Amino acid sequence: MMKLVIHDRHSAAGLILPEVGHMRDVVRALRGLETVDSASVLLEAFARRCLEAGVAFDSTDPLTACSFCTHLVEVEVHAEDGAAPVQFVRLYDRDTDGILCRRHHGTLHAVARQLRCEDGVPFPTLPAIAAKTAALTAGIPPRPL
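## Remarks on the overall build of the chain
Part 1 of the reasoning: Counting its regular elements, the chain contains 4 helices and 6 strands.
Part 2 of the reasoning: Tracing the chain from N to C terminus, the helices and strands come up as β-β-α-α-β-β-β-β-α-α.
Part 3 of the reasoning: Out of the 145 residues in the chain, the part that is buried amounts to 37%.
Part 4 of the reasoning: If you sum the accessible surface of the chain, you get close to 8,900 Å²; carbon and sulfur atoms cover 55% of it.

Here's what the structure looks like:
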């Protein structure tokens, strides 16, 4: 079980990702998103990516501890006036005593290089999920314009 927390100087938001077991998948998905200067916009884009791939998630309070999560991915969106926004990432997992320990930290691109997940498809859609999604959407009539 994984918790994703995204924050900037104005807001913070969090997601629980019960089916995601590897931090690489989250980092890879974040790398595939457009660089933005808002935590809420980044979280919305990440949630949209999850929906497209059939990955379950639930919203959570970003400021509370998650006793049942084995991994924590924290993203800080840093934006200064006149400069391009930068995303800093901290990855935590639990040690043998159950304490969250930081394993990696740095810019999103640097952490992706450390984990060797710079490229690739984030959240691969499993054939069963794709078939289920196709079956559900086939019975939905198009919305009128």
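## So, the state of the cysteines
Two cysteines, two sulfur atoms, one covalent bond between them: this is a disulfide.
Part 1 of the reasoning: All chains considered together, the criterion is met by 1 disulfide.
Part 2 of the reasoning: Here Cys 66 engages in a disulfide with Cys 69; their sulfurs sit 2.1 Å apart. Taking the torsion about the S-S bond as the criterion, the Cys 66 to Cys 69 disulfide, at about 60°, is right-handed. Of the two residues, Cys 66 and Cys 69, neither departs from the other in class, the shared state being buried.

Cut-off values and rules
- Residues numbered from 1 in each chain as written.
- Predicted model: local features only at pLDDT ≥ 70, side-chain atom pairs only at ≥ 80, totals over all residues.
- Heavy atoms only, no water.
- Helix = DSSP H or I, 4+ residues; strand = E, 2+ residues; numbered from the N terminus.
- Buried < 20%, exposed > 50% of the residue type's maximum accessible area, 1.4 Å probe, protein only.
- Areas by Shrake-Rupley, 256 points an atom, 1.4 Å probe, with all protein chains shown as cover.
- Disulfide = S-S within 2.5 Å.

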